[in-house]
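Inside the fold
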Amino acid sequence: MRVYKYNKYEDCEPILITEQQIKQKYWPQWYQRMCRKFSKQEVDAKFTFEDCLQDWIITNWAWEVK
């Protein structure tokens, strides 16, 4: 399982979050928005959680902890 860190503006220390936590918190919202933008059939055929994860990483300026 991959682990990521990201900073919030008010925090000094980076926050640690797992891939599973991202999937639980961010995936449902991301999936709904993509279905609204495209269609559910198109989202199911073309997108995966990896697409969602990449959007989350970019949005939060996150980095993977090795």
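Residues numbered from 1 in each chain as written. Predicted model: local features only at pLDDT ≥ 70, side-chain atom pairs only at ≥ 80, totals over all residues. Heavy atoms only, no water.

This brings us to the pairing of strand β1 (residues 3–6). Covered by surrounding structure in β1 are Tyr4 and Tyr6 only, the residues Val3 and Lys5 on the alternate face being uncovered. Pairing between β1 and strand β2 (residues 15–18): four bridges, direction antiparallel. Along β2, the bridge assignment pairs Tyr4 with Ile17. Bridge count between β1 and strand β3 (residues 63–65): three bridges; the pairing is antiparallel. (Buried < 20%, exposed > 50% of the residue type's maximum accessible area, 1.4 Å probe, protein only. Helix = DSSP H or I, 4+ residues; strand = E, 2+ residues; numbered from the N terminus. Pairing = 2+ DSSP bridges.)

Most peptide bonds are trans, and most residues other than glycine sit at a negative phi. Even without being a glycine, Trp61 presents a positive backbone phi close to 50 degrees. If you trace the backbone, Trp61 turns up in the loop between α4 (49–60) and β3.

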